[in-house]
Amino acid sequence: MQVAAVPANKPKNKSAPTFKGKRGLRLMGLNFTTDGVVKGFFGGNAYLAILALLFICVFLLKSGLGFIPGYRVELGEARISGVELTNKVRYELTGYKALLARVNQAFIAEKRNRFGDEESTIYLYEEFEALVDDEFEDAMETYLSINDSPEKEAACARLCKDIADACNNIPEKKLLQALTRRLPELRKVSTNAKDQAIALAQDYALNDAETPHAVAEISAQISKEMGNFNTAVQAIKSAGKPLIQLESELTKHTAESDRILKLNRQTSGSITALEQGLKKAKQRDEPPVIIAAIEKRLKKSRGSFIEIDTEARIKAVYQAIENHDLIVDTLLIKISKAFNSLPAELENELTNVTIEQAHKLNSEFAIIVAKQKENISAWRHDKSITTGNTLAAFFFGSEWQTGSPWQDIYGLMPLFTGSLLVASVSLLFAVPLAIGAALYVNQFAHKREAALVKPGIEFIQAIPSVVLGLFGVLVLAGFLKDWSHSPLLSWIPGFPITERLNVLLAALLLAFMAAPTIFTLAEDALNNVPKAFTEASLAMGATKLQTAINVILPASMPGIIAAIMLGFGRVVGETMVVLMVAGNKAKIPEFSEGIGIVGQPVHTMTSIIAQEYGEVTEGSLHWQALFMVGLVLFTISLVINSTCQRVLNSKNR
Amino acid sequence: MHDMSKKITALSKTTKNREASTVIEVDDIGFSYDLGKTETLKGISMEIPKNQVTALIGPSGCGKSTLLRCLNRMNDLIDTAKITRGAIRILGQDIHAAEVDAIELRKQVGMVFQKYNPFPKSIYDNVAYGLRIQGVKKKSILDEAVERSLRNAALWDEAKDRLKDSALGLSGGQQQRLCIARTIAVRPKVILMDEPCSALDPIATAKVEELMLELRKEFTIVIVTHSMQQASRISDRTAFFYLGELVEYASTSHIFTSPSVKQTEDYISGRFG
Ligand SMILES: Nc1ncnc2c1ncn2[C@@H]1O[C@H](COP(=O)(O)OP(=O)(O)O)[C@@H](O)[C@H]1O
Ligand SMILES: [Mg+2]
């Protein structure tokens, strides 16, 4: 074997090289050559990007992590004041109310089904009355804002006409009643308003050819035919009263101490600030007037501390809660008794479905009660809250409740599971679609076909997500819901869908957005499989399909996995579409429903930020909470991206 | 090294005068890469005998690989490829007849490529690949076929303890022998080899050459080579191509000792090519 000899380094030119570079411009001890400046420019840009990234990281961390101590203090206050306990009862109450609402819904559905037109007459009356009132108020407001007298008369005429116009579309006798009811008020504003109104009303009454059944008559019939149902509904309704009472009693006892604790916290905050200011002022030898002013404010702040005897207050809370178990047990018994008297199989499908849902809510309610009973008996107001508790409350908290007049609750779980659920379901659609398309384009399609399909799929990326969301909300949502009610598709679990906006809808649209990303990357990965593998396989007598599945797909697996993960990252980070179509209900989806889970509305980490950032004040706990959510999102993306890099690098190891 | 080539020459001598029946019949074949505008193969006719090694030689670009790839219809994969005239019969069957499926043809006419290309799978899975795509699932059958093929390819001793390891961990020569094992696992009638040793070092080359002489007992082998020595060492018959035409086709000893055409003589004596 021959080893090529390395030629000796002999300079070919006669003049020996000097190895000296050009001297650049020297400035401030730096040597500026053209190369150096160009290099510096590009390098500078690269470092600027890194710097921006660092800045964002630091900012996120700083704003987000302040949340934990802040939330800890709030949780502590909620515990000492008993708000935490009240929340538990309130949680039960929410479960009960959902149940009651569903039973009511079933009742109304049944009523509509049986009494169709007559039922709708009652409904119409109510609507109509509300309409007249609204119109009247509007017109009145305009009227009162005018001061000039002749104009006032004209406005009055307009007012009367407006009312009449508004009512004209609904040929009901009720108009007369509504107008007559409003007459005293009308008379105040105009002398001849009365005459006008009466004229209008009489006019109307003459036109009223058809007189519907008297409202009372229908009501009587309804109670006759649906008496049992009605009794059951009423029984459930009245059974909840003690629980409602308990909740309001607890609220009464705890809200005040919570308010005082919060006020005192503010006060102590301003005292610390003032104290620091005073110290600085003294150090700087400010004029005595200023120091005196600060001291005065300080004294005032110190005086505004509100004395609070939490121990005494909490006693009342403990006393009230003593009855809790009895109350909920009785409630459960009463509800199940009422449920037993609910009609079982009715003709109307909607009623049956709703009743079934109510049954499910009932068993859920029983579970909630059992859990809360335990929680409540174990609850102690004087156990202190640790940072660990706070972290758990944030990361594993099952409720996200903000903007409530009561206590805000920041639990990530509903958002986290929502994001994950939407993303996974969308990948379920996107992955087979995108990988299949990539395989087809790369392996089977004719060159000309590929030249058409590839840019086509990639073009999907150009659709602004808000446009896609709009399409989802206005077109696909209704279509999907109607479609899910088709008897042909009732075998699909979770169908029919009752919520217009839901996981499935969001997942479908997101799949559409993720597919091009996955497609492009997967196609690249397939393309990178050496042609020699394909040739070898085909030469063995494998078909193209066998080759694609047995050789090309496995050989490009790392690239395809990376493609799927990046697609996942894209879907998790997508905001606009989920905000518009996922339903935005911050509640952990019910996994017990199996595949039916896709019919539920959810909230996600991205859309909660987009939805709530406008209503937070800078530096508030809510503000920090949103940054915490942002931090979690950021971490997820980071993990996904670095894992992708590792997967891809492991290929070329 | 020297011993090895001696051994090969000795081996080839012993089998030289076997009676030969024709397996492949190339009949005035014309081939074009551009739908007939220009012919890359211009009417080639030759008969390739059974259980012999037939070498195709000639300067680069003369159409050796093209002819080889016509034999298992690998050129079908090129959209603009076209047979312009003539026919190829393998075991008496016209391979371009309507009822012939290229997939089935390739199961009978295997191919080993210039650059060894085992799949990024285990050694075992590579050898079992052909049988698996034919629907063989039974482990005992696969086990047996893998062992027999690896033995045939003289790779068994080196690979038997690492069957589950990636094939890409083998040396270049081993990988090429693995490709041969993969090809013979499905028991084809013909094995086409396109410069199978051009990416191998001399020792690995010698091993593959030795292997070919073994294999011709069972298979008919057509090999493209750019090495005169290789052709003379291993082949029974040699065909010399020039610019898409078959210049001379005869027994190897005849071609290398007393070629009838001047062009052939110039080529093998190294005057051009
Ligand atoms: N896929 C192809 N498409 C078009 N022309 C090709 C293709 N493959 C080979 N050729 C041309 O056909 C001629 C013969 O090539 P080839 O059979 O590979 O020659 P060799 O004898 O070196 O193996 C060459 O001129 C080459 O450029
Ligand atoms: Mg070639």
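Preceding block: the structure.
Residues numbered from 1 in each chain as written. Chains lettered and ligands numbered in written order. Predicted model: local features only at pLDDT ≥ 70, side-chain atom pairs only at ≥ 80, totals over all residues. Heavy atoms only, no water.

Focus: a nonpolar patch on the surface
All names here are of chain A. On the surface, a nonpolar cluster with roughly 460 Å² of combined accessible area is contributed by Leu-25, Leu-27, Leu-30, Phe-32 and Val-37. When contributions to the nonpolar patch are tallied by element, the ones reaching two or more residues are β1 (25-27) and β2 (30-32). Note on placement: Phe-32 falls in strand β2. (Patch = residues over 30% accessible without salt bridge, like charges linked within 9 Å, V, L, I, M, F, W, Y side chains within 5 Å. Areas by Shrake-Rupley, 256 points an atom, 1.4 Å probe, with all protein chains shown as cover. Salt bridge = Lys/Arg side-chain N within 4 Å of Asp/Glu carboxyl O. Helix = DSSP H or I, 4+ residues; strand = E, 2+ residues; numbered from the N terminus.)

Section: the packing of helix α20 (residues 544-555) of chain A against helix α21 (residues 557-573) of chain A
Residue and element names in this part refer to chain A. The N-to-C vectors of α20 and α21 enclose an angle of 65°; their axes lie 5 Å apart at closest approach. Relative to α21, the element α20 is oriented roughly perpendicular. Packed against α20, whose contacting residues are Leu-553, Pro-554 and Ala-555, the element α21 presents Met-557, Pro-558 and Ile-560 at the interface. For the contact of α20 with α21, the per-class residue count stands at 6 nonpolar, no polar and no charged. (Axes fitted to C-alpha atoms, helices over the stretch in contact; angles between N-to-C directions. Parallel < 35°, antiparallel > 145°, perpendicular 65-115°, else oblique. Contact = heavy atoms within 4.5 Å. Nonpolar A, V, L, I, M, F, W, Y, C, P; charged D, E, K, R; others polar.)

A closer look at the interface of chain B and chain A
Of the residues lining the interface, 23 residues belong to chain B; the matching set on chain A comes to 18 residues. Of the roughly 1,700 Å² buried between chain B and chain A, counting both surfaces, carbon and sulfur atoms make up 67%. Taken together, the connections running from chain B to chain A amount to 1 salt bridge. Glu-535 of chain A is paired through a salt bridge with Arg-69 of chain B; the nearest N and O atoms lie 2.5 Å apart. Linking chain B with chain A are 5 residue pairs in polar contact (both at pLDDT 80 or more), by the criterion used here. Where the side of chain B that touches chain A is concerned, the elements lending two or more residues are α3 (102-108), β6 (109-112), α4 (123-133) and α7 (172-184) of chain B. (Buried area = accessible area lost by both parts, 1.4 Å probe. Polar contact = N/O pair within 3.5 Å; in protein donor to acceptor, adjacent residues only side chain to side chain.)

Things to note about the environment of Thr-534 of chain A
Residue and element names in this part refer to chain A. Mapped onto the fold, Thr-534 is located in helix α19 (residues 531-539). Since its relative accessible area comes to 16%, Thr-534 is described here as buried. Residues Thr-534 and Ile-492, spaced 42 residues apart in sequence, show a C-alpha to C-alpha distance of 40 Å. (Buried < 20%, exposed > 50% of the residue type's maximum accessible area, 1.4 Å probe, protein only.)

Focus: the packing of aromatic side chains
All names here are of chain A. Summed over all chains, the structure comprises 18 aromatic pairs over all chains. Judged by centre distance (5.5 Å) and plane angle (65°), the rings of Phe-41 and Phe-42 are edge-to-face. A relative accessible area of 54% places Phe-42 in the exposed class. Judged by centre distance (6.3 Å) and plane angle (50°), the rings of Tyr-96 and Phe-365 are tilted. A residue pair is termed long-range when its members are at least 10 positions apart, and Tyr-96 in helix α3 (residues 83-144) and Phe-365 in helix α13 (residues 349-378) qualify at 269 residues. One aromatic cluster is present, built from ring pairs that chain together Phe-67, Tyr-71, Phe-394, Phe-395, Trp-400 and Tyr-410. (Phe/Tyr/Trp six-rings, centres within 6.5 Å; stacked < 30°, edge-to-face > 60°.)

Describing the site of ligand 1
Residues and elements named next belong to chain B. Close to ligand 1 lie Tyr-33, Thr-40, Ser-60, Gly-61, Cys-62, Gly-63, Lys-64, Ser-65, Thr-66 and Ile-78, which account for all nearby residues. Take Gly-63: an N or O atom from its main chain is 3.0 Å from an oxygen atom of ligand 1. Summarising the interface, the protein chains cover 56% of the accessible area of ligand 1, which totals 560 Å² for the free molecule. Looking at the shell around ligand 1 residue by residue, the class counts come to 3 nonpolar, 6 polar and 1 charged. (Near = heavy atom within 4 Å.)

Looking at the pattern of salt bridges
Summed over all chains, the structure comprises 30 salt bridges over all chains. A salt bridge links Arg-259 of chain A to Glu-256 of chain A, with the nearest nitrogen and oxygen atoms 3.2 Å apart. With Arg-259 of chain A and Glu-256 of chain A both in helix α9 (residues 241-283), this residue pair falls 3 residues apart, about one helical turn. With a closest N to O distance of 2.8 Å, Arg-73 of chain B and Asp-76 of chain B form a salt bridge. Classification of Arg-73 of chain B as buried rests on a relative accessible area of 14%. A single network of salt bridges, built from pairs that share partners, joins Glu-74, Glu-77 and Arg-265 of chain A.

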